[in-house]
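Chain by chain, the residues:
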Amino acid sequence: MDAGQRIVQLRSDIERYDHNYYVLDTPSIPDAEYDKLFRELQSLEVQHPELLTPDSPTQRVGGKVLDGFTSVKHAVPMLSIRTETDTEAGGASNFDTRVKNALHSAEDPVEYNCELKFDGLAINLRYECGVLVQAATRGDGETGEDVTQNIRTIKSIPLRLRDCDAEVLEVRGEAYMSRKDFNSYNDKQRELGLATLVNPRNGAAGTIRQLDPALSAKRPLSFFAYGLGEAKGWTLPETHSAILDALKSFGLPVCDVRTVAKGAHELVAFHQRIANERDALPFDIDGVVYKVNSLKLQAELGFVSREPRWAVAHKFPAEEQLTVVRDIEIQVGRTGKLTPVAKLEPVFVGGTTVSNATLHNEGEIRRKDVHIGDTVIVRRAGDVIPEVGGLFCAAQRKQAILHFAGRRAMDVEGLGDKLVEQLVDESIIHSLPDLYRLDVATLAALERMAEKSAQNIVDALEKSKRTTLGRFLFSLGIRHVGETTAKDLARHFGKLETIMQAGAERLLTVPDVGPVVAQSIVGFFAEAHNREVVQQLRELGVHWDEHEGVTAQVLPLSGQTFVLTGTLASLSRDEAKSRLEALGAKVAGSVSKKTDCVVAGAEAGSKLDKARELNVPVWDEAALTEHLSKWENI
Ligand code: IVH
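Below you will find a few notes about this structure.

Reading the values: the criteria
- Residues numbered from 1 in each chain as written.
- Predicted model: local features only at pLDDT ≥ 70, side-chain atom pairs only at ≥ 80, totals over all residues.
- Heavy atoms only, no water.
- Helix = DSSP H or I, 4+ residues; strand = E, 2+ residues; numbered from the N terminus.
- Buried < 20%, exposed > 50% of the residue type's maximum accessible area, 1.4 Å probe, protein only.
- Contact = heavy atoms within 4.5 Å.
- Areas by Shrake-Rupley, 256 points an atom, 1.4 Å probe, with all protein chains shown as cover.
- Near = heavy atom within 4 Å.
- Polar contact = N/O pair within 3.5 Å; in protein donor to acceptor, adjacent residues only side chain to side chain.
- Nonpolar A, V, L, I, M, F, W, Y, C, P; charged D, E, K, R; others polar.
- Pairing = 2+ DSSP bridges.
- Axes fitted to C-alpha atoms, helices over the stretch in contact; angles between N-to-C directions.
- Expected span 1.5 Å × (residues − 1).
- 1 Å grid on protein atoms, 1.4 Å probe; cavity = no way out; pocket = protein on both sides within 12 Å on 5 of 7 lines; lining within 4 Å.
- Points joined across faces, edges and corners; volume = space filled by probe spheres on them.
- Left-handed = near helix turned anticlockwise from the far one by under 90°.

### Comments concerning the overall build of the chain
For step 1, the next point in the chain: In terms of regular secondary structure, the chain is built from 26 helices and 24 strands.
For step 2, the next point in the chain: For the C-alpha atoms alone, the extent of the chain along its principal axes is close to 95 × 65 × 55 Å.
For step 3, the next point in the chain: By the burial criterion, 49% of the 634 residues in the chain qualify as buried.
For step 4, the next point in the chain: Within the chain, contacts between residues at least 6 apart in sequence are counted, and of these 68% link residues at least 24 apart.
For step 5, the next point in the chain: Split by element, the accessible area of the chain, about 30600 Å² in all, is 51% carbon and sulfur.

So this is what it looks like as C-alpha cells:
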C-alpha cells in the first residue's frame, strides 16, 4: 500500500470512529489506538503535503485567528417558525385546523413529523459534492455570517458526507452545547476562578462567534440537523421524515427523538411525552416542533410573511426565570463541604417551584456579586440543583449600561440599545467597568458589526473617559440622583471622595437635596459593589477635573440662569446647554423673574412671550454663539 492509499484508508477509518463516538455515542476503538492512527495520518500528511485535503479529519482546527466574520447571502432564506402559545391540546389543534383549512383537499388526518426544538443557534452547512465548504449563521434570515472555521471544530459534523455527492446540499440545523459539556466547562472555569457561562445557549452562541478557532475547539459543541436549504443534484424524498433519514445515512447527526404522528391528538401525545422526558435529555430544548410531513403538501401550504404555514413550534415553560434573593445560607454537605445556597422568592421554573439555588462557592458569590435583595436568573436543567445564573436580570443591567453611556451621562457615541443587548446577552459585559475593557476584536466579532464601527465604539469609549464629576455621578444611576442633582453635588463638594464619605446630614446642606435623595446616595456608596465599580472605572482611566466645583464659582456665568427656547441652527440644544453650564451658568426649563437671559432660536413660542413680559433680556442665536466663543476663550 503506498502513502496515498494509506492516507485514504486512515481518513475513512478515523471518520468512522469519529462518527461512532460523536454521533452514535458508541466508541468503537480505545482512545490510545485512535490517537496512534491519528498521529500516523498527521505525519503522512506532513511528509506528503500534496496529498493534504481540507476534508481530512486532521484539519478541523487549523484556521487562523480572524479579524471578523464575512457575510454570507443565503441561497434560500433561513426562516423562523411561528410559535403556538396555547395549552398543549389547544396549540396542537389550532395548528392542525389551520393546516386543514388551508389545504381543503387534505388527507384527513394530516401526517406530521414531530421533533424537538433545540435551544442553540441555527446554522446552515453547505456541502458541495459531499464536502463541507461553508457554514453560516442565520443572521437576519437573508444574510448570515461565515463561521466555517468554528463549525469545523464540531466533531459530530462530517467534513465529508457518506455516499452523497449531490452537487449542492445545504443542511440546516442547530449547534448547541450539551448539558454535560456546559457543566464541565463551568466546573473548570470555577476551579480557575474564571467567568462561567450563563446557560448552554449563550455558551453555543459565544463559541460560534469566537474569532480564534483554537479557543472555539476548547468549548465542545454538538449539532442536530433538522432540515434543508439549497439542494441541487439530489432527488428529494417525498416526506420530511425521509429527508431526516437520508441526512442520517449521510453521517449527519439527526436526533432520534422524533416521530411521525397523525392528527391533532397524536401531536398532543408527543408534546406530553416530551414534557415528561425533557429533564432526562442530555441537552436543553425549549419546546417541540410539528411539521407537515409531505413535501407536496408543504409546497401547497407555502408561507405567511416569513414563516412557513406547514410548521409550528410549541414551547414548554422556560427553564430560566427571574426571582429575588431573600437570604443566603451556608449548607454543610455530607463531606463537610460548605456550599452557599440562595433562598429565593419561590418561582415556577422548568416545571417545578424552586426556592433554593446553589451558589457553588464563595468565589462565585463574589464574582457574580449576589446580594440579598438582588434580582437573579434561576436556571433549572435536568435534575441538577437550580443555580443562580447571573447578577440582576439582564434587562436591568442593559438599562444601567444604556443610562451610563447616555448622551447626558458618559456620552459614549454609538453605544445603542441593540449593541448593549448583544453585549449583555452574550455575557461579554457584566458590569459597567467591562465597557472599558472592550477591544476592537471582541466588538468586530459581533453579528453585524464591521471593523470600522467597532473601532469607532472603542474610540468613543476612550473619549468618554474624560468627563466631569457631575456627569460621572449622574451616570452611576443612583436612585433619585438626576442630572441636576448630580451637577449640584459636584459643584458643592468638588471631590468624589467627599461625596462618597458624606453622611446624610452633610448631603442635606446641598440646596435641593432632601432626605430621600440623601439616603439614596448614602445607601449607594455603602454597597461594597458600587464602591468597587467606581474604583475600577477610575483605574480604567475615567477622570475629571478634581476642582470642578471650586472653579465653577469663579466662571464667567457663575450664578446666572439661562433658558433656551426655539430651534437653534448651528448647535443642538444639548450642546448649548452644556457649553453654558461649562461656563458656570444654570440652564432652567422655564422663565421666571429669576431668569437672567433667554436664548430664543427659530419659532420660539410662549417662553419668549414670557421673557418679554418679565423684561428678561433675550438673545438670538448669533448673540449666544458670539458670547460663548468670547467666554470660552478667556
Ligand atoms: S425548522 C422553516 N426544526 O427554532 C423552518 N427549527 O424559528 C425552519 N429550531 O432558530 C426551522 N429546533 O434554529 C426547525 N427541529 C427544529 C428546530 C428548529 C430548533 C430553531 C431554529 C430557529 C428557530 C425557528
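Alright, that's what it looks like, and here's the rest.
### Some thoughts on the site of the ligand
For step 1, the next point in the chain: Near the ligand lie 14 residues; those nearest to it are Ile81, Glu115, Leu116, Glu174 and Tyr226.
For step 2, the next point in the chain: Note that a nitrogen atom of the ligand is positioned 2.9 Å from one of the backbone N or O atoms of Leu116.
For step 3, the next point in the chain: Here a nitrogen atom of the ligand and a side-chain polar atom of Lys291 are 2.9 Å apart.
For step 4, the next point in the chain: Summarising the interface, the protein chains cover 86% of the accessible area of the ligand, which totals 520 Å² for the free molecule.
For step 5, the next point in the chain: No other element matches the 4 residues that strand β3 (residues 111–118) contributes to the shell around the ligand.
For step 6, the next point in the chain: The class makeup of the residues in the shell around the ligand is 9 nonpolar, 1 polar and 4 charged.

### What about the sheet that holds β3?
For step 1, the next point in the chain: The 5 strands lie next to each other as β2-β13-β10-β3-β9, forming an open sheet whose pairing is mixed. This sheet does not close on itself; its edge strands, each paired only once, are β2 (82–84) and β9 (259–262). Neighbour to neighbour, the strand axes of the sheet diverge by 35 degrees on average, direction disregarded.
For step 2, the next point in the chain: Bridge count between β3 and strand β10 (residues 285–292): 7 bridges; the pairing is antiparallel. Paired with Tyr112 across the bridge in β10 is Val292.
For step 3, the next point in the chain: Most of the contacts of helix α3 (residues 88–103) go to strand β13 (residues 311–315), to which it runs at about 175 degrees, and overall it touches β2, β3, β10 and β13.
For step 4, the next point in the chain: Taken strand by strand, helix α8 (residues 240–249) contacts β3, β9 and β10, and its axis lies near 50 degrees from that of β3.

### Some remarks on unusual backbone geometry
The general pattern is negative phi for most residues beyond glycine and trans for most peptide bonds.
For step 1, the next point in the chain: The phi dihedral of Cys129 is positive, around 50 degrees, even though this residue is not glycine.
For step 2, the next point in the chain: Tracing the backbone through its elements, the reader meets Cys129 in the loop between β4 (121–128) and β5 (131–137).
For step 3, the next point in the chain: A residue is classified by how much of its surface remains accessible, and Cys129, at 51% relative accessible area, is exposed.

### What about helix α1 (residues 3–23)?
For step 1, the next point in the chain: The end-to-end C-alpha distance of α1 is 29 Å, a good match for the 30 Å that 21 residues give at a rise of 1.5 Å each.
For step 2, the next point in the chain: Of the positions making up α1, those classed as buried are Ile7, Leu10, Arg11, Asp13, Ile14, Tyr17, Asp18, His19 and Asn20.
For step 3, the next point in the chain: Each element contacted by the buried residues of α1 is listed here: α2 (31–47).
For step 4, the next point in the chain: With a side-chain oxygen lying 3.2 Å from the backbone nitrogen of Gly4, the N-terminal cap of α1 falls on Asp2.
For step 5, the next point in the chain: Following α1 by one or two positions, Asp25 adopts a phi angle in the positive range, close to 65 degrees.

### Overview of the side chain of Arg258
For step 1, the next point in the chain: Along the polypeptide, Arg258 turns up in the loop between α8 and β9.
For step 2, the next point in the chain: We classify Arg258 as buried; its relative accessible area is 17%.
For step 3, the next point in the chain: At 3.1 Å, the side chain of Arg258 and the side chain of Asp245 are in polar contact.
For step 4, the next point in the chain: A distance of 3.2 Å separates a polar side-chain atom of Arg258 from the backbone oxygen of Cys255.
For step 5, the next point in the chain: Beyond its immediate sequence surroundings of up to four residues, Arg258 is in contact with Cys114, Ser241, Leu244, Asp245, Lys248 and Phe270.

### Observations concerning empty space enclosed by the protein
For step 1, the next point in the chain: Summed over the entire model, instances satisfying the criterion amount to 2 cavities of 30 Å³ or more.
For step 2, the next point in the chain: If you add up the space inside the largest cavity, you get close to 50 Å³.
For step 3, the next point in the chain: Around the largest cavity, the lining residues are Glu115, Phe118, Ala225, Tyr226, Leu244, Val254, Cys255, Val257 and Arg258.
For step 4, the next point in the chain: Going through the elements one at a time, β3 and β8 (222–232) are the ones with two or more residues in the lining of the largest cavity.
For step 5, the next point in the chain: The computed volume of the second largest cavity comes to approximately 30 Å³.
For step 6, the next point in the chain: Sort the elements by how many residues they give to the lining of the second largest cavity and helix α17 (residues 469–475) lands first, with 3 residues.

### Observations regarding the packing of α1 against α2
For step 1, the next point in the chain: Remark: α1 packs on α2, axes separated minimally by 10 Å, with the N-to-C direction vectors making an angle of 140 degrees. Classified by chirality, the crossing of α2 by α1 is left-handed. Residues Ala3, Arg6, Ile7, Leu10, Arg11, Ile14, Tyr17 and Asp18 of α1 lie in contact with α2, whose contacting residues are Tyr34, Leu37, Phe38, Glu40, Leu41, Leu44 and Glu45.
For step 2, the next point in the chain: Grouping the amino acids of the contact of α1 with α2 by side-chain chemistry returns 10 nonpolar, no polar and 5 charged.

### Focus: the sheet that holds β4
For step 1, the next point in the chain: As summarised here, the arrangement of the 4 strands in space is β5-β4-β7-β8, forming an open sheet in which the pairing is antiparallel. Edge positions in the open sheet fall to β5 and β8, since each of these has one partner strand only. When strand polarity is set aside, the average angle formed by the axes of neighbouring strands in this sheet is 25 degrees.
For step 2, the next point in the chain: Here α8 sits on the sheet in contact with β7 (168–176) and β8, set at roughly 110 degrees to β8.

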